[in-house]
Amino acid sequence: MNSRATLCVNEKGHLTIGGCDCIELARSFGTPLYVFDEDYIRGMMRIYRDTIANEYGDGLVLYASKAFSCEAMYAIAKQEKIGADVVSGGELYTAMQAGFPAEKICMHGNNKLPREIEYALDCGIGYFAVDDPTEADLLDRECEKRGTVQNVLLRINPGVEAHTHKFVQTATPDSKFGFSVTSGAAEAMTKHLLGKRHLRLRGFHCHIGSQIFEKQSFCVAAEKCLAFMADMKKKLSFEADTLNLGGGFGIWYTDEDEKFTFDGYAAYLRALIGAVKTGCAKYGLKAPKLMIEPGRSIVGEAGITLYTVGAIKEIPGLRKYVAIDGGMFDNPRFCLYESKYTALLAGRANEQPTEFVSIAGKCCESGDLIGVNMALPRAERGEILAVLSTGAYNYSMASNYNRNPIPPAVLVKDGKADYIVKPQSYEDLVRNDALPARLR
Ligand SMILES: *Cc1c(COP(=O)(O)O)cnc(C)c1O
């Protein structure tokens, strides 16, 4: 099932995470419940941080906070001395609330709002990854007003296609992100940025997709970025001192995926570092400050979701639906991408699956499923179902659809569990509703 020191099965046959029995967690906190394994999160942050420090030198790991953003995550990243990337004013605000150092934050987004740009400047964030010429103009004017000079990276599109689901590819020629190297758009934007008095272009950023296992696609992307850097040095006498290669490292969801250990991720990153060093030597470039932005791989496998099984409907000859007390409002990834997951019964975690079922949510939507053809032992109403690898892009994509409260999240470590996101109440759901006088 993808067990590890902090995700295993105890003598009662119960699934445990971070030393906590999942049946006890469900009893104490209720379901649905997001559970996050602190040791796994820290372990992944350290592996990336230390591999860059030991094998490369100057670099910075930025946790891609869109994977899971809450104050506790920024607090952990701060303690681990890594940076963060944010893609909205809301994520930035959350980081600030957690006391995160602004100079270690990079702001992304294909359409940063003027108010987000102003807020980010007020916070004093380290870098903007510029993705539009008028954004650069706006940013430059805002900095001029403030009498400051802002570090920026330019998001380029090296045209590398990562082998992954088409909806999560971002660097193909047709993308709302970045500027194409081959079309000359990236060069034109480089010139545009070099002409801005209040912007200091430090280098380039690319992000070639997500859930990538193919080391080669990263290495090719790195090589193309370095070739572009060499080209800009030659043509524009601009020598970039920073290269940000984005995130996208794959994680285990089902046994169709490779399972990397911490060492496996270190090897993955070493391959990428090797490609950067080779490229620098080939093109005669100084080694740039190397940034990476892992999101999913830091927090994805760290998280599981606990549900309670409710209605079970068997449609003879067709399929069996096992319904849970959550669904697309806490995990919309099957609806969006037909993403696959592994589920098990937390109270009988050692039992072999005996059937294939569809796990259905409770929303008024036939497509509200967590997965189809999922192998499970015969489940009964009231049992606790655990879905694994839900740490990334679940809570962060959750909604109040059907006015279901977004489930709380707990952080577990050494047998202790603490809320990092408190439960929403029904009062919370109507908190921002307003009743105009004529409706009263
Ligand atoms: C989404 C994203 C990431 C993180 O990707 P993961 O697959 O979660 O590692 C990093 N950088 C940028 C710019 C992104 O859009």
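Because the structure is a prediction, the values reported are computed rather than measured.

A.B. asks: Describe in detail the side chain of Arg-4, supporting the description with residues and values.
C.D. replies: By the element assignment, Arg-4 lies in the segment before strand E1 (7-9). At a separation of 3.1 Å, a polar atom in the side chain of Arg-4 contacts the side chain of Asp-37. Leave out the neighbours within four places in its chain, and Arg-4 touches Ile-17, Asp-37, Tyr-40, Glu-301 and Ala-302.

A.B. asks: Tell me about the packing of helix H4 (residues 89-97) against helix H5 (residues 114-123), and name the residues and values.
C.D. replies: At a minimum axis distance of 10 Å, the contact between H4 and H5 shows a crossing angle of 20°. When the interaxial angle is binned, H4 and H5 end up roughly parallel. The handedness of the crossing between H4 and H5 comes out as left-handed. In this structure, H4 contributes Gly-89, Leu-92, Tyr-93 and Met-96 to the contact, and H5 contributes Glu-116, Tyr-119, Ala-120 and Cys-123.

A.B. asks: Which residues make up the domain arrangement of the chain, and what values go with them?
C.D. replies: Splitting the chain by domain gives domain 1 (7-30 + 302-430) and domain 2 (38-299). When each unit is reduced to the centre of its C-alpha atoms, the spacing between domain 1 and domain 2 is 32 Å. In this complex, domain 1 contributes 22 residues to the contact, which on the side of domain 2 involves 22 residues. Where domain 1 abuts domain 2, roughly 2000 Å² becomes buried across the two surfaces, and 60% of that area is made up of carbon and sulfur atoms. By the criterion of area lost to domain 2, the three top residues of domain 1 are Ala-302, Tyr-337 and Tyr-393, representing 29% of everything that side buries. Our count for the contact surface shared by domain 1 and domain 2 stands at two salt bridges. Residues Glu-256 and Lys-340 are paired through a salt bridge, measuring 3.3 Å at the closest nitrogen-oxygen approach. Every element with two or more residues in the side of domain 1 that touches domain 2 is listed here: helix H11 (333-337), strand E20 (409-413) and strand E21 (416-421). Per element, the largest residue contribution to the side of domain 1 that touches domain 2 is four residues, and it comes from E20.

A.B. asks: If you had to explain the site of the ligand to someone new, which residues and values would you point to?
C.D. replies: Taken together, 15 residues surround the ligand, and among them Lys-66, Ser-210, Glu-293, Arg-296 and Tyr-393 come closest. Separating an oxygen atom of the ligand from a side-chain N or O atom of Ser-210 is a distance of 2.3 Å. One of the backbone nitrogen or oxygen atoms of Arg-296 is found 2.7 Å away from an oxygen atom of the ligand. Protein burial of the ligand: of its 390 Å² of free accessible surface, 94% is covered by the chains. Broken down by class, the residue content of the shell around the ligand amounts to three nonpolar, seven polar and five charged.

A.B. asks: Go over the sheet that holds strand E2 (residues 15-17) with me, naming the residues and quoting the values.
C.D. replies: Within the open sheet, the three strands sit side by side as E1-E2-E3. Their pairing is antiparallel. The open sheet has two edge strands, E1 and strand E3 (20-21), and neither has a second partner. The sheet contact formed by E1 and E2 spans three bridges and is antiparallel. Bridge pairing links Val-9 to Leu-15 in E2.

A.B. asks: Hey, could you go over the nonpolar core for me, with residue numbers and the actual values?
C.D. replies: Ile-41, Phe-128, Val-299 and Leu-385 are the most contacted members of the largest nonpolar core, which totals 110 residues. In terms of nonpolar packing, the next biggest core, distinct from the first, is built from 21 residues, Leu-15, Leu-33, Ile-304 and Ala-386 among them.

A.B. asks: Explain unusual backbone geometry to me, using residue names and the numbers behind them.
C.D. replies: Omega for the peptide link from Thr-31 to Pro-32 comes to -5°, which places this bond in the cis form. Position of Pro-32 among the secondary structure elements: in the loop between helix H1 (22-29) and strand E4 (33-37). Here the phi dihedral of Glu-338 falls at roughly 55°; this positive angle occurs in a residue that is not glycine. Checked against the element boundaries, Glu-338 lands in the loop between H11 and strand E16 (343-345). Here Glu-338 falls in the exposed class, since its relative accessible area comes to 60%.

Conventions used here
Residues numbered from 1 in each chain as written. Predicted model: local features only at pLDDT ≥ 70, side-chain atom pairs only at ≥ 80, totals over all residues. Heavy atoms only, no water. Helix = DSSP H or I, 4+ residues; strand = E, 2+ residues; numbered from the N terminus. Polar contact = N/O pair within 3.5 Å; in protein donor to acceptor, adjacent residues only side chain to side chain. Contact = heavy atoms within 4.5 Å. Axes fitted to C-alpha atoms, helices over the stretch in contact; angles between N-to-C directions. Parallel < 35°, antiparallel > 145°, perpendicular 65-115°, else oblique. Left-handed = near helix turned anticlockwise from the far one by under 90°. Domains from an automatic or database assignment. Buried area = accessible area lost by both parts, 1.4 Å probe. Salt bridge = Lys/Arg side-chain N within 4 Å of Asp/Glu carboxyl O. Near = heavy atom within 4 Å. Areas by Shrake-Rupley, 256 points an atom, 1.4 Å probe, with all protein chains shown as cover. Nonpolar A, V, L, I, M, F, W, Y, C, P; charged D, E, K, R; others polar. Pairing = 2+ DSSP bridges. Core = buried A, V, L, I, M, F, W, Y, C linked by side-chain atoms within 4.5 Å. Buried < 20%, exposed > 50% of the residue type's maximum accessible area, 1.4 Å probe, protein only.

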